[in-house]
Amino acid sequence: MPERVTDPSVLRRSRDTWPGNYKVGMWAWVLHRITGLGLVLYIFLHILVISTGLAGPASFDEMLHRLHSPVFLVMDSVVLAGALYHSLNGIRLLLFDLGIGVRRQREMFWAVMVVAVALFLVAVAKVAPLL
Amino acid sequence: MDEFTLRIFRFDPEDGQEPRFDAYRVPYRDGMTVLEALFEVLDHQDGSIAFRFSCRGAVCGACAMFINGSHRLACQTQVKSLGPEVTVSPLPHLPVIRDLIVDMEPFWRKYEEIKPYLIANSEPPEKERPQDPEDRKKIDEMINCILCGACYSSCPMVWTGEDYLGPAALLKAYRFVADSRDDASEERLAVVSTEKGVWRCHTVFNCAEVCPRSINITWSLQQLKKLAVRKALF
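Residues numbered from 1 in each chain as written. Chains lettered and ligands numbered in written order. Predicted model: local features only at pLDDT ≥ 70, side-chain atom pairs only at ≥ 80, totals over all residues. Heavy atoms only, no water.

## Concerning the overall build of chain B
Rule in force here: Helix and strand definitions follow DSSP, with helices as H or I runs of at least four residues and strands as E runs of at least two, each counted in order from the N terminus. We score Asp and Glu as negative and Lys and Arg as positive, and we do not count His or the chain ends. The location of each charge is read from NZ of Lys, CZ of Arg, CG of Asp or CD of Glu.
Assigned secondary structure in chain B consists of 10 helices and seven strands. Seen along its three principal axes, the alpha-carbon backbone of chain B occupies a region of about 60 × 35 × 30 Å. Separation of charge centres in chain B, based on 29 positive and 35 negative side chains, amounts to 4 Å.

Right under this line is the structure:
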């Protein structure tokens, strides 16, 4: 007699929407969507934060001071990581539309990741002394 | 490996029960495919499981299923390559008729939309329409499609876009557009270069990853996009 499967981890893994089952191109797409939404959200936050320094020279200096706090620098790094990925993967997608690399999409994704991480580390090395 | 666990998705719309997975212990023999394992269960343990199959040799496309996290043909997938636990469910994002059988109606309906047959303006010849080997080579890859539906089921644009024609139909459209004997490119490009056609494709590449015939379907869709742009501009 068959046994009824109740293990939730088995049931989860049996779905194609479970991230563990994503293939490379699917990750590239999902990350592109997430970073895209994040960047839109960032623009509004950015306007909001900048607007706190508009009440005169003193408030502007104060705002700049706030922007140099560790919290903001860490958040800036997150924005930078998202922007780097989104722009580099955007180039990957544009190349596909030009017919370049369509048969090498996995390698193109890893190239995007390597370049993004390298540029991110360069930026972190510049920012870290400010912390 | 003497024995392995085979979990099979079970659903019968008529018994009023929720879908479930049943687990069976199946004796392993060398070279066993997932389809053979399903037969082992059907013959010796549970005659009530339902699944589609026909050729058993990866040319008919009837046994496409979701096996251990990927869309595969049951007849083409070695149990050995999956390990001691095999989980089989019907192709996702298609209505389930029963157990592992899905309703392919949306797939075929969209397939028909691109007119999947040769349309030639010239008089029918006495024997056949000859084609240069060079011209034939251009469509070698696309002709390999067995219409199993794995790409269709794997595409997140199909999941979210009810009208999207899907990878298989668009691949077939390119197969005829690129065929030197076909005269209906204009007609086909008109169907394909719409929001429910190639412009819905976001180059996620799931179709190319899961195709059991290793067809890079996305490549053909990109070719169609290029042709559509060219047609609109010049």
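## A short note on the interface of chain A and chain B
Applied cut-off: In this description, contact between two residues means that some pair of their heavy atoms is separated by no more than 4.5 Å. Within this document, salt bridges are pairs made up of a side-chain nitrogen of Lys or Arg and a carboxyl oxygen of Asp or Glu, the two lying within 4 Å of each other. Any N or O atom pair separated by 3.5 Å or less is treated as a polar contact, with the protein-specific requirement of one donor-capable and one acceptor-capable atom, and with residues adjacent in sequence counted only for side-chain atom pairs.
Each partner contributes residues to the interface: chain A has 27 residues there, and chain B has 34 residues. Seen at the junction of chain A and chain B, the total is two salt bridges. Between A:R106 and B:E209 there is a salt bridge, and its shortest N-O distance comes to 3.2 Å. Counting every contact that joins chain A to chain B gives 11 residue pairs in polar contact (both at pLDDT 80 or more). Put simply, the parts of the chain that give the side of chain A that touches chain B at least two residues each are β1 (3–4), α1 (8–13), α2 (24–50), α4 (70–97) and α5 (105–127) of chain A.

## Quick notes on the confidence of the model for chain A
Counted only if it meets this: The predictor attaches a confidence to each residue, and that confidence, scored 0 to 100, is pLDDT.
With 100% of its residues at a pLDDT of at least 70, chain A reaches an overall mean of 94. Mean pLDDT across the elements of chain A bottoms out in β1(A) (91) and peaks in α2(A) (96).

## Regarding the sheet that holds strand β2 (residues 20–27) of chain B
Spelled out, the test is: The pairing criterion is simple: DSSP has to find at least two bridges between the two strands.
Spatially, the six strands line up as an open sheet ordered β1(A)-β2(B)-β1(B)-β5(B)-β3(B)-β4(B), and their pairing is mixed. The open sheet is flanked by β1 of chain A together with β4 (70–73) of chain B, the only strands paired with a single partner.

## Quick notes on the packing of α2(A) against α4(A)
Residues and elements named next belong to chain A. Applied cut-off: To get an axis, a line is fitted to the C-alpha atoms, and for a helix only the part in contact is used. The angle between two axes follows their N-to-C directions and goes from 0 to 180 degrees. Oblique is the label for any angle not under 35 degrees, not over 145, and not in the 65 to 115 range, which are roughly parallel, roughly antiparallel and roughly perpendicular in turn. A crossing counts as left-handed when the near helix is turned anticlockwise from the far one by less than a right angle, and as right-handed when that turn is clockwise. Side-chain classes follow a simple rule in which Ala, Val, Leu, Ile, Met, Phe, Trp, Tyr, Cys and Pro form the nonpolar group, Asp, Glu, Lys and Arg form the charged group, and the remainder, Gly included, forms the polar group.
Across the interface, α2 lies against α4 with an axial gap of 8 Å and an inter-helix angle of 135°. Regarding the angle of α2 to α4, the classification is oblique. Viewed along their axes, α2 and α4 form a crossing whose handedness is left-handed. For the pair α2 and α4, contact is made by G25, W27, A28, L31, H32, T35, G36, L39, Y42 and V49 and by F72, V79, G82, A83, Y85, H86, N89, G90, R92 and L93, respectively. For the contact of α2 with α4, the per-class residue count stands at 11 nonpolar, eight polar and one charged.

## Details of the packing of aromatic side chains
The description of two aromatic rings rests on the distance between their centres and on the angle between their planes. Residues and elements named next belong to chain B. Here is the rule: Geometry of aromatic contacts follows a simple scheme: Phe, Tyr and Trp rings, the Trp one being its six-membered ring, pair when their centres are within 6.5 Å, and the pair is stacked under 30 degrees between planes, edge-to-face over 60, tilted otherwise. Any residue under 20% of the maximum accessible area for its type is buried, any over 50% is exposed, and the rest in between are partly exposed; the area is computed with a 1.4 Å probe on protein chains only.
Overall, the coordinates contain 13 aromatic pairs over all chains when judged by the stated rule. Where F39 meets F51, the ring centres are 5.3 Å apart and the plane angle is 80°; that geometry is what we call edge-to-face. Residue F39 is located in helix α1 (residues 34–44), and its partner F51 is located in the loop between α1 and β3 (64–67); the two are separated by 12 residues in the primary sequence. There is no split in this pair, since F39 and F51 are both buried. Ring plane angle 45° and centroid distance 6.0 Å describe the contact between F51 and F53, whose orientation is recorded as tilted. Residue class for F53 comes out partly exposed when judged on its relative accessible area of 32%. A connected cluster of aromatic rings, assembled from ring pairs, spans F107, W108, Y111 and Y152.

## Details of the side chain of A:T35
Residue and element names in this part refer to chain A. Assignment of secondary structure puts T35 in helix α2. Polar side-chain contacts of T35 include one of 3.1 Å to the backbone oxygen of H32. Not counting the four nearest positions on each side in its chain, T35 is found in contact with G82, Y85 and H86.

## Here's the deal with the pairing of β3(B)
All names here are of chain B. Neither face of β3 is open: one carries A64 and F66, the other M65 and I67, and all of them are buried. Examined bridge by bridge, β3 and β4 share four bridges and lie antiparallel to one another. Its bridge partner being in β4, A64 is matched across the sheet by L73. Count of turn residues in the β3/β4 antiparallel hairpin: two residues, of which N68 carries a positive phi of about 40°. Sheet topology note: the β3/strand β5 (residues 85–89) ladder contains two bridges and is antiparallel. Directly across from I67, in β5, lies its bridge partner V88.

## Concerning the side chain of B:R175
All names here are of chain B. As for its position among the elements, R175 is in helix α7 (residues 167–177). You can call R175 buried: its relative accessible area is 11%. In contact with R175, not counting residues within four places along its chain, are I139, M142, I143 and R181.

## Let's talk about the pattern of salt bridges
Summed over all chains, the structure comprises 21 salt bridges over all chains. The shortest N-O distance in the salt bridge between A:R104 and A:E107 comes to 3.7 Å. On the accessibility criterion, A:E107 (44% relative accessible area) is partly exposed. B:K138 is paired through a salt bridge with B:D135; the nearest N and O atoms lie 3.2 Å apart. When salt bridges that share partners are traced, they join B:R10, B:R20, B:D22, B:D46, B:R98 and B:D99 into one network.

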